[in-house]
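# Coordinates in review
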Amino acid sequence: MTAAHRWRRELHANPELGWQELRTAKRIREELSRLDIPWRVCADTGTVAILNPQARGHPHIALRGDIDALPMTERSGKEWCSVHNGRMHACGHDGHTATLLATAQWLKRVEASLPGPVTLLFQPAEEGGHGAKKMIDDGALEGIDCIYGWHNWPALEFGKLLCPNGIVMCGNGTFTITVTGVGGHASQPELCRDPVLAASAIILAVQQIISRRMPPQQANVISITSIEAPSAPTVIPETAVIGGSIRIVTESARQEIGNLLTSISEHTAASYGVQCQVDLQPRYQATINHDEPAAEIRKCWQQLNGLDALETEQLPPIMASEDFSYYLQEIPGAFALIGANDGPGHDHPCHSPIYDFNDHLIEPVTKLFTRLVSASLP
């Protein structure tokens, strides 16, 4: 087992949620110090490390890895399973971090031959915490000319890379719809105004926004993910709360969907004699690659893995979202999805309680990062 595999499994067993990655940050900084790579704290639990800072005449490239976990209980049964109930590396950020540490190890060996400076960004709070924005606010991109990032993707065949020019992943947002009626005894519905019934109607109505109110040429999603109306079998409650998520390609679609969510929910609620409050929470914008960096990723990947190593069947945009979008709004760069599915055990989707990162990705992605900064291959 390589050092990178040990790092990955150690991180997996000790997941930490966004802005709570204290142990994770400590381990990253310990490894960087052991490698004699200068680093600084960025955005509290984030870390910025730099190699060959005095190099001139070549673009200053940044490589990013995210470090946070999700609020989920793991059921993978792995030896390195999370030791904390309610916290799990269910998206592979443990693998992204281990890969960036492996890249740091290789780049340190060839530091003197690097044609330009290389910055490594170990970023916290990607899972809805806007960690990339706070890293930027804390100066993470100062002096950087180009940035690269990646995400493992179990929906793709192992080793297939998807890195288009333009949009690669959608923007997203969340919403809550609070329905308030009049509670009472289940035997006297005429004296009540049932928020559960109204919420059910609202759910059916808003799920038709995409199919009946948005152009079919656009890639948009509305998903209702929860409904809460705590009560007893004989009690009609006073309140029901609906939760959900949207995925959008453009900010104009975000605005249109938000307007329709609000209007349809309010009018449906009124027809049931109840009131509702719609709260929209924008999260990330679409992740939009710059053409030249995206082409560079594709070229390097094919040089390393063959001409048929690019994904051509699954067309972007992927409907998931990424806060790497913040970096690409500031400087040129590109974000790639790399297939992790090599059979049973690595075919579970991200955010599944039985998901586990495919350690076989660490070496090829380390080689990709190394090639992108024009260093000697490991």
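Each remark here, short or long, concerns the structure printed above.
Every chain is numbered on its own, with residues counted from 1 as its sequence reads. Given that this is a predicted model, residues contribute local features only at a pLDDT of at least 70 and side-chain atom pairs are listed and counted only at 80 or more, while totals for whole chains, interfaces and linings are drawn from all residues. To obtain the side-chain values, all non-hydrogen atoms of the structure were used and water was disregarded.

## Some details on the overall build of the protein
The test is simple: Secondary structure elements are taken from DSSP: a helix is a run of H or I of four residues or more, a strand is a run of E of two residues or more, and numbering for both begins at the N terminus. Put simply, the radius of gyration uses C-alpha atoms, and a globule should come to 2.2 Å times the residue count raised to 0.38. Each residue is assigned to one of three classes by its accessible area relative to the maximum for its type, calculated with a 1.4 Å probe on protein chains only: buried under 20%, partly exposed between the two thresholds, exposed over 50%. In this description, contact between two residues means that some pair of their heavy atoms is separated by no more than 4.5 Å.
Helix and strand content of the protein: ten helices and 15 strands. A globule of 378 residues ought to have a C-alpha radius of gyration of about 21 Å, and the protein, at 23 Å, matches this closely. Split into buried and exposed, the 378 residues of the protein put 53% on the buried side. Excluding contacts between residues fewer than 6 apart, the proportion of contacts in the protein whose partners are at least 24 apart in sequence is 80%.

## Focus: helix α10 (residues 362–372)
A turn of α-helix holds 3.6 residues, and therefore any two residues three or four places apart point the same way. With eight of eleven residues buried, α10 lies mostly within the body of the structure. Buried residues of α10: Ile362, Pro364, Val365, Thr366, Leu368, Phe369, Thr370 and Leu372, and no others. Once α10 finishes, Ser374 follows within two positions and takes phi at roughly 60 degrees, a positive value.

## Digging into the sheet that holds strand β15 (residues 333–341)
The pairing of strands in a sheet happens through backbone hydrogen bonds and is either parallel or antiparallel. Threshold: Pairing between strands is defined by DSSP: at least two bridges between the two strands are required. Helix axes use the C-alpha atoms of the stretch in contact, all axes being lines fitted to C-alpha atoms, and the angles between their N-to-C directions lie in the range 0 to 180 degrees.
Pairing is mixed across the open sheet formed by seven strands, whose spatial order is β1-β2-β4-β3-β5-β15-β6. Edge positions in the open sheet fall to β1 (39–42) and β6 (161–162), since each of these has one partner strand only. Strands in contact with helix α3 (residues 93–109) are β2 (46–51), β3 (61–66), β4 (118–123) and β5 (146–157); relative to β3, the strand with the most contacts, it is inclined by about 145 degrees.

## Quick word on helix α2 (residues 22–34)
Threshold: An expected span of 1.5 Å times one less than the residue number is assigned to each helix.
The end-to-end C-alpha separation of α2 is 18 Å, in line with the 18 Å expected for 13 residues at 1.5 Å each. Turning to α2, the residues buried within the fold contact α1 (3–13), β1, β2, α3 and β4. With its phi angle positive at about 60 degrees, Asp36 sits one or two positions after the end of α2.

## Regarding the side chain of Arg64
Operational definition: Whenever two N or O atoms come within 3.5 Å, that pair is a polar contact, provided that in protein one can donate a hydrogen and the other can accept it, and provided that, for residues adjacent in sequence, both atoms are side-chain atoms.
The residue Arg64 is located in strand β3 in this model. On the accessibility criterion, Arg64 (1% relative accessible area) is buried. Within the local environment of Arg64, its side chain forms a polar contact with the side chain of Gln123, the two groups lying 3.1 Å apart. One polar contact links Arg64 to Asp323, side chain to side chain, over a distance of 2.8 Å.

## Considering the state of the cysteines
The criterion, for reference: Whenever a pair of cysteine sulfur atoms sits within 2.5 Å, that pair is classed as a disulfide.
For the coordinates displayed, the defined rule picks out zero disulfides. This cysteine, Cys170, is not joined by any disulfide, and Cys91 carries the nearest cysteine sulfur, 15 Å off. Cys350 takes part in no disulfide bond, and the closest cysteine sulfur, belonging to Cys91, lies 4.2 Å away. On the accessibility criterion, Cys350 (17% relative accessible area) is buried.

## Quick word on the packing of α1 against α2
How we decide: Oblique is the label for any angle not under 35 degrees, not over 145, and not in the 65 to 115 range, which are roughly parallel, roughly antiparallel and roughly perpendicular in turn. Throughout, a crossing is termed right-handed when the near helix is turned clockwise from the far one, and left-handed when it is turned anticlockwise from it by less than a right angle. Each residue receives one of three labels: charged for Asp, Glu, Lys and Arg, nonpolar for Ala, Val, Leu, Ile, Met, Phe, Trp, Tyr, Cys and Pro, and polar for the others, Gly being one of them.
Two numbers describe how α1 lies on α2: the axes approach to 10 Å, and their chain directions differ by 160 degrees. Relative to α2, the element α1 is oriented roughly antiparallel. Where α1 crosses over α2, the handedness of that crossing is right-handed. For the pair α1 and α2, the contacting residues are Trp7, Glu10 and Leu11 in the first and Arg23, Thr24, Arg27, Glu31 and Arg34 in the second. In the contact of α1 with α2, the residues fall into two nonpolar, one polar and five charged.

## With respect to the packing of α1 against α3
Contact geometry for α1 and α3: axes closest at 8 Å, N-to-C directions at 150 degrees. Our classification of the angle between α1 and α3 gives roughly antiparallel. Viewed along their axes, α1 and α3 form a crossing whose handedness is right-handed. Every residue of α3 that contacts α1 at Ala4, Trp7, Arg8, Leu11 and His12 is listed here: Asp94, Gly95, Thr97, Ala98, Leu101, Ala102 and Gln105. Taken together, the residues that form the contact of α1 with α3 break down as six nonpolar, four polar and two charged.

## Topic: the nonpolar core
Here is a general trend for soluble globular proteins: nonpolar side chains tend to be buried in one another's company. Basically, it comes down to this: In plain words, nonpolar cores are sets of buried Ala, Val, Leu, Ile, Met, Phe, Trp, Tyr and Cys residues tied together by side-chain atoms within 4.5 Å.
Ranked by size, the top nonpolar core spans 52 residues in total, and within it Leu63, Leu120, Leu161 and Ile297 carry the most contacts. Per element, the largest residue contribution to this core is six residues, and it comes from α3. In terms of nonpolar packing, the next biggest core, distinct from the first, is built from 26 residues, Val48, Leu141, Leu162 and Tyr326 among them.

## Observations regarding empty space enclosed by the protein
Rules: Using protein atoms alone on a 1 Å grid, points that fit a 1.4 Å probe yet trap it form a cavity, whereas open point sets bounded by protein on both sides within 12 Å along at least five of seven lines form a pocket; residues with an atom within 4 Å of a point count as lining. Grid points are joined across faces, edges and corners, and a volume is the space filled by probe spheres set on the points.
Tallied over the entire structure, the rule returns one cavity of 30 Å³ or more. One number sums up the size of the largest cavity: a volume of about 50 Å³. For the largest cavity, the full set of lining residues is Trp7, Glu10, Leu11, Arg27, Glu31 and Leu101. When residues of the lining of the largest cavity are traced back to their parent elements, those giving at least two are α1 and α2. Per element, the largest residue contribution to the lining of the largest cavity is three residues, and it comes from α1.

## Overview of the layout of surface pockets
Considered as a void within the structure, the largest pocket measures approximately 350 Å³ in volume. Lining of the largest pocket is provided by 17 residues; of these, Glu127, Arg247, Ala320, Ser321 and His351 occupy positions nearest its centre. Tallied by class, the residues present in the lining of the largest pocket amount to seven nonpolar, five polar and five charged. Reported here for the second largest pocket is a volume of approximately 270 Å³. Every residue lining the second largest pocket is counted, 15 residues in all, and those nearest its centre are Thr2, Ala4, Trp106, Ile362 and Glu363. Broken down by secondary-structure element, the contributors of at least two residues to the lining of the second largest pocket are α1, α3 and α10. Class assignment of the residues belonging to the lining of the second largest pocket gives a composition of six nonpolar, five polar and four charged.

Any link to function would need more than the numbers given here.
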